[in-house]
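Working through the structure, step by step
Residue strings, one per chain:
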Amino acid sequence: MGCCSGRCTLLALCALQLVTALERQVFDFLGYQWAPILANFIHIVMVILGLFGTMQYRPRYIVVYTVWTAVWITWNVFIICFYLEVGGLSKDSELLTFSLSQHRSWWHEHGLGCLHEEASMAAGLGALHSQALMVDTGCALDHSYVEGLHSGLQILLALLGFIYGCYVVSVFTEEEDSCLRK
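Not measured: the values here are computed from a predicted model.

What counts as what
Residues numbered from 1 in each chain as written. Predicted model: local features only at pLDDT ≥ 70, side-chain atom pairs only at ≥ 80, totals over all residues. Heavy atoms only, no water. Axes fitted to C-alpha atoms, helices over the stretch in contact; angles between N-to-C directions. Helix = DSSP H or I, 4+ residues; strand = E, 2+ residues; numbered from the N terminus. Parallel < 35°, antiparallel > 145°, perpendicular 65-115°, else oblique. Left-handed = near helix turned anticlockwise from the far one by under 90°. Contact = heavy atoms within 4.5 Å. Expected span 1.5 Å × (residues − 1). Buried < 20%, exposed > 50% of the residue type's maximum accessible area, 1.4 Å probe, protein only. Core = buried A, V, L, I, M, F, W, Y, C linked by side-chain atoms within 4.5 Å.

The next subject is the packing of helix H1 (residues 5-30) against helix H3 (residues 59-83). With their axes 14 Å apart at the nearest point, H1 and H3 run at an angle of 40° to one another. Judged on the interaxial angle alone, H3 and H1 are oblique. Along this stretch, H1 crosses H3, giving a crossing that reads as left-handed. The segment H1 lies against H3, with Leu10, Cys14, Gln17 and Arg24 engaging Ile62, Tyr65, Trp72, Trp75, Asn76 and Ile79.

Written out as structure tokens, the structure reads:
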């Protein structure tokens, strides 16, 4: 039996989502972004569930994955709004770190093409700690745009995953129905 194009495409999309989610998870761990770490972990589990459901012809697992992609799209729209400071959101708030650390996005301190300088110290405060704040100058791309591009890619992959998930579920259920009729 050959691989139908929708099923193979969904497998490829899930694999690509898994790779991009793992990459994003690494950078969120480096930046101590606890809310995105939890969301990425759940996303990774759901994508694995979608992979398993697609490989094993289990439409219920694909439905769970498909519903999750809608939630994942919503989360990434929130992340874009957060970093672009849409509405009352501020990227300087401790919302994503649960106020557990003073870190922000890893890309804030290690942006693309940025020159880093140690922040100037007030007189008499002593030596800088190992977590010294850095001042970015001359960045090729601001960290908020890097985070927005990451989220935009996640939205695109999730939207395609949603479409192909719905298609594969409909194909699987049609095959089950045709087998029951015979």
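After presenting the structure, the write-up continues.
So, on to helix H2 (residues 34-55). For H2, which comprises 22 residues, the first-to-last C-alpha distance of 32 Å matches the rise-based estimate of 32 Å (1.5 Å per residue) to within 8%. Within H2 the residues assigned to the buried category are Ala35, Pro36, Ile37, Ala39, Asn40, His43, Ile44, Val47, Gly50, Leu51, Gly53 and Thr54. Looking one or two places after H2, you find Tyr57, whose phi comes out positive at around 55°.

This part takes up the nonpolar core. One recurring pattern in soluble globular proteins is that nonpolar side chains are buried together. Formed by Leu10, Cys14, Leu18, Ala21, Ile44, Val47, Leu51, Ile62, Tyr65, Val168, Val169 and Phe172, the largest nonpolar core amounts to 12 residues. Looking at this core, the elements that each hand over two or more residues are H1, H2, H3 and helix H5 (143-181). Considering every element that reaches this core, the biggest residue donor is H1, with 4 residues. Apart from residues no more than four positions distant in its own chain, Val168 is found in contact with Gly6, Arg7, Leu10 and Ile62. Of all hydrophobic cores here, the second largest spans 6 residues; its members include Trp68, Trp72, Ile73 and Ala158.

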